[in-house]
Amino acid sequence: MPWYNRGLFSSLNLRQKTLLTIGLTALVLVMIFISGTLIDANLPTDFSIKMKPPSFEHIFGTDWMGRDMFIRTLKGLSLSIVIGLGASIISSIIATLLAFLASINKATDTFVSWLIDLFASIPHILLIMMISIGLGKGAFGVTMAVAFSHWVNLTRVLRAEVLQIKTSEFVALSGKFGRSKLWIAKEHILPLVLSQIFVGTLLVFPHAIMHESSVTFLGFGLSPHEPAIGIILSESMSYLAMGAWWLAFFPGLSLLIVVLLFDIIGDNLKRLFDPSEANS
């Protein structure tokens, strides 16, 4: 049984459980983001406490320059959230535009289908690395690279939804009354797919964060001076042989937790927007 069905949650109906789960999870993520944003990127160094294992004073330990790993991890997570947010929004915009483009006529639908198959055939990591290098790496390059490689699945969903709505009677009647395709798309189709766009954006978020960290870890993402999780994990590889396991364990675990929290929000929002479950 899921954790949100126990204890306090057992007295709530499904909709209340879902809303409470979304609220609590979002609160944790906001706290992580705000805490990381308030931290100065230039953390103080203290070589007298370098390479200290986890303790009550430094719960994530310290690195080879005496910097607190808990503070570094929070800063890195906030940066990953910013990049993930930007990439998810841009990716959703691309998916929405292509889905509506596919609904214009058969030629545009064929073009969008071909474009989807083309990008789906290229491995995500390889595509992100190529785009990131082409745009000069850094935060902008990584954000755009992740965005231009994560629109495929959402485009498939939105395209099918838009094409189905387009065949409905009220859309046909609007056309007969002289309404333009742009007006029909804006007034009839877009409101009906907003929930899919919103949920799709959130579900892209975890993949965006993981891929950003992956390419940064490989050296094709953010610059080494950026306080990113991928940079932290990459640097820690040189010290694992010395027994400094905490340098990689806690940042990696924290990243997985953040990804899981976004996944929980996306899944619960999907459940909330499902009419068959929302009123249970």
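Structure shown above.
Given the structure is predicted, the values throughout are model-derived calculations rather than measurements.

1. What about the overall build of the chain?
The helix and strand tally for the chain stands at 11 helices and zero strands. Each helix and strand of the chain, ordered N terminal to C terminal, gives the series α-α-α-α-α-α-α-α-α-α-α. Principal axes of the C-alpha set define a box for the chain whose edges measure 80 × 55 × 30 Å. Across the 280 residues in the chain, those meeting the buried criterion constitute 45%. Excluding contacts between residues fewer than 6 apart, the proportion of contacts in the chain whose partners are at least 24 apart in sequence is 68%.

2. Observations concerning the pattern of salt bridges
Inspection of every chain in the model, using the stated rule, returns four salt bridges. The salt bridge involving Arg67 is made with Asp63; its shortest N-O contact spans 2.8 Å. Across the pair Asp109 and Arg159 runs a salt bridge whose closest N-O atoms are separated by 2.6 Å. Pair noted here: Asp109 is in helix H3 (residues 106-120) and Arg159 is in helix H6 (residues 152-166), with a separation of 50 residues, a long-range link. For Asp109, a relative accessible area of 17% puts it in the buried group. What emerges from the salt-bridge pattern is a single network uniting Asp63, Arg67, Arg72 and Glu235.

3. Looking at the nonpolar core
If you look at the biggest cluster of nonpolar residues, it comprises 32 residues, and the most contacted ones within it are Ile209, Leu247, Val258, Phe262 and Leu269. Elements with a minimum of two residues in this core: helix H1 (14-38), helix H2 (69-102), helix H8 (181-217), helix H9 (229-236) and helix H10 (246-273). The biggest single contributor to this core is H10, with 12 residues. Those residues in contact with Leu269, other than ones at most four positions away along the chain, are Ile22, Phe198, Val199 and Leu202. Membership of the second largest hydrophobic core comes to 21 residues, among which are Val112, Leu115, Leu158 and Ala185.

4. So, the packing of aromatic side chains
To describe a pair of aromatic rings, one takes the distance between the centres and the angle between the planes. Summed over all chains, the structure comprises 10 aromatic pairs. Summarising the aromatic geometry, the rings of Trp64 and Tyr239 are spaced 4.6 Å apart at their centres and angled 5° between planes, so their arrangement reads as stacked. With a gap of 175 residues between them, Trp64 in the loop between H1 and H2 and Tyr239 in the loop between H9 and H10 connect regions that are remote in the sequence.

5. Some points on the side chain of Thr62
Locating Thr62 in the fold gives a position in the loop between H1 and H2. Within the structure, Thr62 has its side chain in polar contact with the backbone nitrogen of Lys52 (distance 2.8 Å). The residues contacting Thr62, other than those within four sequence positions of it, are Ile49, Lys50, Met51, Lys52, Arg67, Asp68, Met69, Trp246 and Leu247.

6. Let's talk about the packing of H3 against H6
Taken N-terminus to C-terminus, the directions of H3 and H6 make an angle of 155°; their axes are 10 Å apart at the nearest point. In terms of axis orientation, H3 runs roughly antiparallel to H6. Judged by the sense of rotation from one axis to the other, the crossing of H3 with H6 is left-handed. Facing Asp109, Val112, Ser113, Ile116, Asp117, Phe119 and Ala120 of H3, the residues of H6 in contact are Val152, Thr155, Arg156, Arg159 and Leu163. Split into classes, the residues belonging to the contact of H3 with H6 amount to six nonpolar, two polar and four charged.

7. Quick word on unusual backbone geometry
A positive phi is found at Met51, a non-glycine position, where the angle reads about 60°. Structurally, Met51 can be placed in the loop between H1 and H2.

Cut-offs and rules
Residues numbered from 1 in each chain as written. Predicted model: local features only at pLDDT ≥ 70, side-chain atom pairs only at ≥ 80, totals over all residues. Heavy atoms only, no water. Helix = DSSP H or I, 4+ residues; strand = E, 2+ residues; numbered from the N terminus. Buried < 20%, exposed > 50% of the residue type's maximum accessible area, 1.4 Å probe, protein only. Contact = heavy atoms within 4.5 Å. Salt bridge = Lys/Arg side-chain N within 4 Å of Asp/Glu carboxyl O. Core = buried A, V, L, I, M, F, W, Y, C linked by side-chain atoms within 4.5 Å. Phe/Tyr/Trp six-rings, centres within 6.5 Å; stacked < 30°, edge-to-face > 60°. Polar contact = N/O pair within 3.5 Å; in protein donor to acceptor, adjacent residues only side chain to side chain. Axes fitted to C-alpha atoms, helices over the stretch in contact; angles between N-to-C directions. Parallel < 35°, antiparallel > 145°, perpendicular 65-115°, else oblique. Left-handed = near helix turned anticlockwise from the far one by under 90°. Nonpolar A, V, L, I, M, F, W, Y, C, P; charged D, E, K, R; others polar.

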